[in-house]
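Single-letter residue listing:
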Amino acid sequence: MRARNGRTVRDLRRGNRAAVLRQLYFDGPLTRFDLGPATGLSSGSVSNVVAELIADGVVEEAGSVDSDGGRPRTLLRVVPGSGHLIGVDVGETRVRVELFDLSLAEVSRTERPLEPQRYDVEVVTGHIRDGVAEVLATAGLAPERLLGVGIGVPGIVARDPERGATVHGQTMGWDAVPLEALLRERSGLPERVPYFIDNGAKTLGQAEMWFGAGRGAGDAVVVLFGSGVGACLVSDDVEHGRALEWGHLTVRVRGRRCRCGALGCLEAYAGAEALVARWREAGGRPPEGADEETSLTALLAAAHPERGGTPDPVALGVLEETAEYLGAGLSDLVNLFQPERILIGGWAGLQLGARFLPAVRRHATAYSLAHPAGRVRIELGRLGPDAVTVGAATLPLADFLARGGHRGGPADPGEPGPVWSSALRERVVR
């Protein structure tokens, strides 16, 4: 049966389930009485939906609270173990795979290193496949119980009607890599377990907006500062979020050559890889054979020695110059988008943040227009270096909530997905 607005009875029931489930997920535990005004549903509809969700094992009773003069009212909550999700961070130094329950509590994890400058498609897909198998085996969880696998990747993600999510990662040497199709062919997961693939900065933004430093903000830009640099814009005008290739903004004409091949990109000055290279070029001595994270730690220690030591002027100069480049890059975000908040995350951003942030704020303000600079807050993310995997796991979580707690099959590659749906964003902003 189809209603006048074109929606079927099935659509209406799923919408009611989704409304109740979202409310319980973000604001629970709640009583049936609370759910009525919160969702706009009648008491009868709430009772029917709750009964269905309890029968499906998605919602459970969780104690009671006193009512005004009447019988105690039963509290309801989402069952954490009623679903499991996998989040994958295809970073520039490693592939991290984590298994979460429905509350996004970590169940198991694994990491596989990537060789510097080596992003072989076969290697990356193999790491994802083996990582997924390992976290499931560690937890003793059957693949059929997964709600989905979310994956954050560097680069631009497009959706091909036939091949699903494809990745354009110029700095990785990936040109329209059909990552979803490759994983579907080789992962061994059941066909009904969907993949959700998006830009890593966007998944970081999703995590910080839902659970971290962006919670309560109407609009924000979330910056991913790692080996390279990326960003995600979230605003009322961009419902699904937008990954920004911010690292390839030109900050110096005829400047350093970036990994993408262009000259003068922000990433060629502010990315961790470039930062360590600039320290070496200036006469600094990064540890021989060390990875980027160790080298960055050494750079920071040289510039800001503990217990009153003498700062290395070369390291200090490189960091101060980098702070100005990063501040200038942030000023472009301030002037273009006038966000309420700018959040800096990623392993490099968090590693340098405590000492780096005041100088970055100062330069961002100096290069920005006064009015937008006066309303923006520039802060560090709160979710730590695992925020990309947490954000990746919210991709199948968002789909599960939008379906009203029903498990779905592979996502329609022609649709953008439910990540930044208005109903979900409304729950986060409140």
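The rules we used
Residues numbered from 1 in each chain as written. Predicted model: local features only at pLDDT ≥ 70, side-chain atom pairs only at ≥ 80, totals over all residues. Heavy atoms only, no water. Helix = DSSP H or I, 4+ residues; strand = E, 2+ residues; numbered from the N terminus. Rg over C-alpha atoms; globule rule 2.2 N^0.38 Å. Buried < 20%, exposed > 50% of the residue type's maximum accessible area, 1.4 Å probe, protein only. Contact = heavy atoms within 4.5 Å. Axes fitted to C-alpha atoms, helices over the stretch in contact; angles between N-to-C directions. Parallel < 35°, antiparallel > 145°, perpendicular 65-115°, else oblique. Nonpolar A, V, L, I, M, F, W, Y, C, P; charged D, E, K, R; others polar. Pairing = 2+ DSSP bridges. Phe/Tyr/Trp six-rings, centres within 6.5 Å; stacked < 30°, edge-to-face > 60°. Lys NZ or Arg CZ within 6 Å of the ring centre and 35° of its normal. Polar contact = N/O pair within 3.5 Å; in protein donor to acceptor, adjacent residues only side chain to side chain. Disulfide = S-S within 2.5 Å. pLDDT = per-residue confidence, 0-100. Expected span 1.5 Å × (residues − 1).

### Quick look at the overall build of the protein
Check the secondary structure of the protein and you find 14 helices and 16 strands. The C-alpha radius of gyration of the protein comes to 23 Å, within 12% of the 22 Å expected for a compact globule of 430 residues. The principal-axis extents of the C-alpha atoms in the protein amount to approximately 75 × 50 × 45 Å. Buried positions account for 53% of the 430 residues belonging to the protein. Sequence-distant contacts in the protein: of pairs separated by 6 or more residues, those separated by 24 or more amount to 62%.

### Examining the packing of helix α9 (residues 292-303) against helix α11 (residues 347-367)
When two helices pack together, their arrangement is given by the angle between their axes and by how far apart the axes lie. Contact geometry for α9 and α11: axes closest at 11 Å, N-to-C directions at 10°. The pairing of α9 with α11 is recorded here as roughly parallel in orientation. Where α9 approaches α11, its residues Glu292, Glu293, Leu296, Thr297 and Leu300 are matched on the opposing element by Trp347, Ala348, Gln351, Leu352 and Arg355. Here the residues of the contact of α9 with α11 are counted per class, giving five nonpolar, two polar and three charged.

### Notes on the sheet that holds strand β2 (residues 59-65)
Read from one edge to the other, the open sheet built from three strands follows the order β1-β3-β2, with strand pairing classed as antiparallel. Bordering the open sheet on either side are β1 (30-31) and β2, each of which pairs with just one other strand. By the bridge criterion, five bridges tie β2 to strand β3 (residues 73-78) in an arrangement that is antiparallel. Bridge pairing links Glu60 to Arg77 in β3. Seen against the sheet, helix α1 (residues 9-27) touches β1, β2 and β3 and runs at an angle of roughly 90° to β3.

### Quick notes on the pairing of strand β9 (residues 164-169)
β9 sits mainly inside the fold: five of its six residues count as buried. As paired strands, strand β8 (residues 156-160) and β9 are joined by five bridges and run antiparallel to one another. Looking across to β9, one finds that Asp160 is bridged to Gly164. Between β8 and β9, which pair antiparallel one after the other, the connecting turn spans three residues. For β9 and strand β10 (residues 174-177), the ladder comprises two bridges, and the chain directions are antiparallel. Opposite Gly169, over in β10, you have Trp174 as the bridge partner.

### What about the packing of aromatic side chains?
Counted under the stated rule, the structure contains five aromatic pairs. Between Trp210 and Phe211, the aromatic rings sit 5.7 Å apart at their centres with planes inclined by 75°, giving edge-to-face as the arrangement. On the basis of relative accessibility, which here comes to 34%, the residue Phe211 falls in the partly exposed class. Feature note: the residues Tyr25, Phe26, Trp210 and Phe211 constitute an aromatic cluster, connected by ring pairs. Over the ring of Phe33 we find Arg73; its NZ or CZ atom is 3.9 Å from the centre of that ring.

### Comments concerning the sheet that holds β10
By way of backbone hydrogen bonds, the strands of a sheet pair with one another, either parallel or antiparallel. Pairing in this open sheet of three strands is antiparallel, and the strands run β8-β9-β10 from one edge to the other. With one partner strand each, in any of the chains shown, β8 and β10 form the two edges of the open sheet. Taking each pair of neighbouring strands and ignoring which way they run, the sheet shows an average axis angle of 20°. Running over the sheet, helix α5 (residues 179-186) touches β9 and β10 and is turned about 125° from β9.

### Section: the environment of Asp34
When you line up the elements, Asp34 lands in helix α2 (residues 32-39). You can call Asp34 partly exposed: its relative accessible area is 33%. Separated by 3.0 Å, the side chains of Asp34 and Thr31 make a polar contact.

### Some points on the state of the cysteines
Following the criterion strictly, the structure yields zero disulfides and no others. Free cysteine: Cys232, not disulfide-bonded; nearest cysteine sulfur from Cys265 at 20 Å.

### Here's the deal with unusual backbone geometry
For the peptide bond that leads from Gly28 to Pro29, omega is 0°, which places it in the cis range. Positionally, Pro29 belongs in the loop between α1 and β1. A positive phi angle, close to 55°, is found at Arg254, a residue other than glycine. On the secondary structure map, Arg254 appears in the loop between β14 (238-244) and α7 (267-270). The phi angle at Gln338 is positive, at roughly 45°, despite the residue not being glycine. Relative to the helices and strands, Gln338 is located in the loop between α10 (313-337) and β15 (341-345). Classification of Gln338 as partly exposed rests on a relative accessible area of 37%.

### Structural notes on the confidence of the model for the protein
In the predicted model, the protein carries a mean pLDDT of 86, and the fraction of residues at 70 or more is 90%. Summarising per-element confidence for the protein, the mean pLDDT is lowest in helix α14 (residues 422-429) (41) and highest in strand β4 (residues 84-90) (96). Note that pLDDT drops below 50 for residues 410-430; the model gives that stretch 59 contacts with residues more than four away or on any other chain.

### Thoughts on α1
The periodicity of an α-helix, 3.6 residues per turn, causes residues three or four places apart in sequence to face the same way. In this model α1 runs 27 Å from its N-terminal to its C-terminal C-alpha over 19 residues, within 8% of the 27 Å that 1.5 Å per residue would give. Every buried residue belonging to α1 is among Arg17, Ala18, Ala19, Val20, Leu21, Arg22, Gln23, Leu24, Tyr25 and Phe26, and all of these are buried.

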